[in-house]
Amino acid sequence: MNNLIDKTILFVKQQLLNAESGHDWFHIERVYKNALLIAQSEKCNLEIVKLGALLHDIADSKFHAGDETVGPKIARRFLEGCNASEETIDHVIKIIENISFKGGNFERSFHSVELEIVQDADRLDAIGAIGIARTFNYGGFKNRQIYNPAIPPKLNMSKGEYKISEAPTLNHFYEKLLRLKDKMNTKTGKELAKERHLFMEKFLSQFYAEWDGEL
């Protein structure tokens, strides 16, 4: 098997074999499909989009004591082993380094249409029905409260505050998920985000009504 994309798919599947289910191979596969869909309407280097989508969460810092260098190092080592060009490697690494939300106050140090596509694809998987499922799955994984009315969401956190937050899971909707619709980069990403955003708003309305004994 000589195809770089096929090799990358096999590598990622192996690397994420025992990953937390919100950040496993199926998450990568969904982001990959989202990226391909968005790329249809953008002028881009499709190979970079594919590699960026496949490798963007190869070692999420949340599962490596907050170390953001692990993912780029693993991706670089793999791509060098596949004899990818330095230009390709550099671009993919920059996508990995700049894709994350990081509290919403993170200024990207790199810009490319390929990054915008992969970032939108990743953010789409963080919202809507899948996003809700992933959010509560991760909250359970971290043994966090589902909701606590006495602990309000904390908006505009610094990158450091965001990384160490242990707030109830429902707060995450306000601290990140509901903000993603307006942070999408591409036309297709923005269109797809609208319906997923509305679904989350309906979910929250239902949640509060049940919590308060109204339904």
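Residues numbered from 1 in each chain as written. Predicted model: local features only at pLDDT ≥ 70, side-chain atom pairs only at ≥ 80, totals over all residues. Heavy atoms only, no water.

> What am I meant to see in the overall build of the protein here?
Counting its secondary structure elements, the protein contains 10 helices and zero strands. Shown N-terminal to C-terminal, the secondary structure of the protein runs as helices and strands in the order α-α-α-α-α-α-α-α-α-α. Principal axes of the C-alpha set define a box for the protein whose edges measure 60 × 35 × 30 Å. Within the protein, buried positions represent 49% of all 215 residues. On the protein, roughly 11,300 Å² of surface is accessible, and the fraction owed to carbon and sulfur atoms is 50%. For the protein, the distance from the average position of its 29 positive side-chain charges to the average position of its 31 negative side-chain charges is 1 Å. (Helix = DSSP H or I, 4+ residues; strand = E, 2+ residues; numbered from the N terminus. Buried < 20%, exposed > 50% of the residue type's maximum accessible area, 1.4 Å probe, protein only. Areas by Shrake-Rupley, 256 points an atom, 1.4 Å probe, with all protein chains shown as cover. Lys, Arg positive; Asp, Glu negative; His and termini not counted. Charge placed at Lys NZ, Arg CZ, Asp CG, Glu CD.)

> Would you explain the confidence of the model for the protein in this entry?
Reading predicted coordinates in detail is not appropriate for stretches of low pLDDT. Averaged over all residues, the pLDDT of the protein equals 91, while 92% of them reach at least 70. The secondary structure element of the protein with the lowest average pLDDT is helix H8 (residues 159–164), at 74, and the one with the highest is helix H10 (residues 187–211), at 98. (pLDDT = per-residue confidence, 0-100.)

> Help me understand the environment of His23 in this model?
Its place among the elements puts His23 in the loop between helix H1 (4–15) and helix H2 (25–39). Sequence spacing of His23 and Ile5 is 18 residues, and the spatial spacing of their C-alpha atoms is 20 Å.

> Got a minute to help me understand helix H4 (residues 70–81) in this structure?
In an α-helix, one turn spans 3.6 residues; hence positions three or four apart end up facing the same way. With 12 residues, H4 should cover 16 Å at 1.5 Å per step; its first-to-last C-alpha distance of 17 Å lies within 8% of that length. When we look at burial in H4, the residues that qualify are Val70, Gly71, Pro72, Ile74, Ala75, Phe78 and Leu79. In this fold, the buried residues of H4 make contact with H1, helix H3 (46–55) and helix H5 (86–98). Once H4 finishes, Asn83 follows within two positions and takes phi at roughly 60°, a positive value. (Expected span 1.5 Å × (residues − 1). Contact = heavy atoms within 4.5 Å.)

> In this structure, what is going on with the packing of H2 against helix H6 (residues 113–124)? I would like to understand it.
Helix packing for two helices is described by the angle between their axes and how far apart those axes are. Between H2 and H6, the shortest axis-to-axis distance is 8 Å and the interhelical angle comes to 130°. Of the possible angle classes, the one that applies to H2 and H6 is oblique. Note on packing geometry: the crossing formed by H2 with H6 is right-handed. Contacts between H2 and H6 involve His27, Val31, Asn34, Ala35, Ile38 and Ala39 on the former and, on the latter, Ile117, Val118, Asp120, Ala121, Asp122 and Leu124. Looking at the contact of H2 with H6, its residues break down into eight nonpolar, two polar and two charged. (Axes fitted to C-alpha atoms, helices over the stretch in contact; angles between N-to-C directions. Parallel < 35°, antiparallel > 145°, perpendicular 65-115°, else oblique. Left-handed = near helix turned anticlockwise from the far one by under 90°. Nonpolar A, V, L, I, M, F, W, Y, C, P; charged D, E, K, R; others polar.)

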